[in-house]
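Structural overview
Here is how the chains run, residue by residue.
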Amino acid sequence: MNDGAGTTAVPAQSPRTIPSPSSVDESSEKLYGLLAEFETPAAIVSAAKKVNEAGYKWWDCCAPFPVHGLDKAMGIRPTILPWLVLGAGITGGIIGTVLQWFTNATNLEIWGGPIWVTGYAFLVSGKPFASVPTWIPVIFELTVLLSAIGAVVFLLLLNKLPQLYHPCFKNERFARVTDDRFFIIIEAKDPLFYRAKTQQLLTSLGATAVEEVQA
Amino acid sequence: MNAAALAREDRYLGDLGPKLYVRLGGLGLGLIVVSLVLGFFVKDWDRFWRAYVVAYCFVVSICLGGLFFTILQHLTRAGWSVAIRRISEGLASNLRWLWILFIPIVWIVWTDSEGGLYHWTLGAAAMEEMGDAEGGLLAHKDAFLNPMFWTLRAALYFVIWFSLARYFVGNSIAQDGSGDPSITSRMQALAAPAMILYAFTQTFAAVDWLMSLEFAWYSTMFGVYFFAASCCGFGATMILLIYFLQRAGRVTESISIEHYHDMGKFLFAFGIVFWAYIAYSQYMLIWYANMPEETTWFMVRQLGSWKGLSLLLILGHFFIPFFFLLTRHTKRVKGVLAAAAAWMVAIHFIDMYWLVMPMVPVELVQSVDGDYAALVIAFQAPENAAYDLNWQLFDVTLLLGFAALMVAGTAFGLRSRSLVPEQDPRLAESLAFENY
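Residues numbered from 1 in each chain as written. Chains lettered and ligands numbered in written order. Predicted model: local features only at pLDDT ≥ 70, side-chain atom pairs only at ≥ 80, totals over all residues. Heavy atoms only, no water.

Digging into the overall build of chain B
When its secondary structure is counted, chain B shows 19 helices and zero strands. For 436 residues, the compact-globule estimate of 2.2 N^0.38 gives 22 Å, and chain B sits close to it at 23 Å. With respect to the principal axes defined by its C-alpha atoms, chain B has extents near 75 × 45 × 40 Å. Taking all 436 residues of chain B together, the buried fraction comes to 57%. (Helix = DSSP H or I, 4+ residues; strand = E, 2+ residues; numbered from the N terminus. Rg over C-alpha atoms; globule rule 2.2 N^0.38 Å. Buried < 20%, exposed > 50% of the residue type's maximum accessible area, 1.4 Å probe, protein only.)

Have a look at this one:
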């Protein structure tokens, strides 16, 4: 999926779909949403802008490569990922500092049930016990390590990954999303979703095909 | 990007060019003359030539950064940077005449019988005769550190820099006229050997001109340190030049906030983080090994006011700009990034000053037998006051004079040239470039 972390992170609202000819048949499948196919990056950017202006919240764009300006057209809020990474990095820096201060510069003892740890202030080549210059490599590495791990983990969490299945995978046209086609999917649980009206909107935006996707 | 506005934009210095290179050139020469007059009043010529080396290395480091950046773009076949590459070529083109300002330093090396600027110019024999403890050490380095070989090496650096600047700037300008894409291929093919030549000459120049000021001291990281510093000076100067060019109504469309953002990243990565990484690595190894002949260099930089200057570098060259430019938001506002760049140019000058100026006699350092507390006390004695930080007016006038000459030379190199490589095959890619 495209990096649509912002669009999916909207508070859940009660799905309000009105019965339409295809979804009346409750016995078979439930409608997941409408999938619209576009042929060019320019087409999907202008279409995404219109869908955003129409007020839809539960929708996303899928493209074979990052499309310039698509995030802006979709109205995605700036990601909070950098702040999470900063927090992870600062945590790593503090861990590195405290760890070395405790082990190298103190004789503190910590009892925790069966676990006993102690600082071990040991004179090395006449340097002070609290030698900040020697700490810097470890502080640096732990800062980088936790930043990098934090960046990957939070990236996956914010994007709700890994996601092994998506209803769109059932659609034959959608296979070309990894090659040369661009898709907009508007989910049925969107409060503004009306089967006929949404289809009409997508068609009017220049979609080469609009198809139903069953959940 | 607006195609109509792009077609209308002013890509030539026009009447701004002569204004810049005549007035700033005159101002620069005038300030150097004023500095000489000030030197006559201060009568401390060793001190004056030190200030001259500081100002010279400040300017040459920035222009070398311009050459490095230009070669790097060809080496990596970069698309994003084409719209701003001409500005860095303008800075690099100064290497075609900067050797002229080096002649006074060569003259000092050949005529300075006191060894006031470069102590090794005394020669090992003379030092041993004078009972100088470092004489025996110099005897081992005589084959490398003697005026003749030193001058030949300097001549070689300037020939290589002259040729590289001439080749990469000249061909880029020739492409404006002919539009021949094979020029780009040729420059790419030559970029790799050019980068190797650049790395060697830049490293050796830093060792010859700066590290040999105290020939007994050595650091294997010194060349890289100078390289990181030159990237800092260059990146910041480049941002300022682009900012003021756009303020003057030139290249207002083709250079976008995306290019500012990327130059901000370059300054952040090379000039702030890489500099700190190298500066720390150099310090840590010497501090940890604790070899007397290595630690003296850092020891004198922890005495008196030099200590304050060292702390200023740690805070002002790393911690403050690091956190300030960490976020993309500060890099994407032209005025804010330009202010940060102005700060980095100033701190780069202080870095050069810090490299050259602290000259505490080795005898004083050795007299306390490694006792730092005793050295701090000895340093406070009135007769040692001259070795502490004492700003002279010619420090500033020489800096401003050299900087004015550098900007004038850049404007002269770009006179009647387009400020954008018009026919570069990747120009369209650069104009449409966007960051995520």
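A short note on the environment of Met-127 of chain B
Residues and elements named next belong to chain B. Inspection of the secondary structure assignment puts Met-127 in helix α6 (residues 124–129). On the basis of relative accessibility, which here comes to 0%, the residue Met-127 falls in the buried class. In the structure, Met-127 is positioned twelve residues away from Ala-139 in sequence and 9.4 Å away in space, judged by C-alpha atoms. Once you skip the residues sitting within four places of it in the chain, Met-127 turns out to touch His-119, Leu-122, Asp-132, Glu-134, Gly-135, Leu-138 and Phe-215. (Contact = heavy atoms within 4.5 Å.)

A word on the interface of chain A and chain B
On the chain B side, the residues contacting the twelve residues of chain A number nine residues. Around 1100 Å² of area is buried between chain A and chain B when both sides are counted, 70% of it from carbon and sulfur atoms. Taken as a group, His-68, Lys-127 and Pro-133 of chain A account for 48% of the area that chain A buries against chain B, more than any other trio of residues on that side. Taken together, the connections running from chain A to chain B amount to three residue pairs in polar contact (both at pLDDT 80 or more). Take the side of chain A that touches chain B: its biggest share by element is four residues, from helix α5 (residues 132–158) of chain A. By residue class, the composition of the side of chain A that touches chain B is seven nonpolar, four polar and one charged. (Buried area = accessible area lost by both parts, 1.4 Å probe. Polar contact = N/O pair within 3.5 Å; in protein donor to acceptor, adjacent residues only side chain to side chain. Nonpolar A, V, L, I, M, F, W, Y, C, P; charged D, E, K, R; others polar.)

Topic: the domain arrangement of chain A
Here chain A is described as being made up of domain 1 (5–9 + 16–79 + 163–180 + 190–214) and domain 2 (81–158). Using only C-alpha atoms to locate each centre, domain 1 of chain A and domain 2 of chain A end up separated by 46 Å. (Domains from an automatic or database assignment.)

Quick notes on the confidence of the model for chain A
Residue and element names in this part refer to chain A. Scored by pLDDT, chain A comes out at a mean of 87, with 87% of its residues at no less than 70. Averaged over each element, pLDDT in chain A is lowest for helix α1 (residues 5–8) (44) and highest for α5 (96). Confidence drops under a pLDDT of 50 for residues 1–17, and excluding neighbours within four residues, the segment shows 40 contacts in the predicted structure. Note on residues 23–27: pLDDT is under 50 here. Beyond four places in sequence and across chains, it has three contacts. (pLDDT = per-residue confidence, 0-100.)

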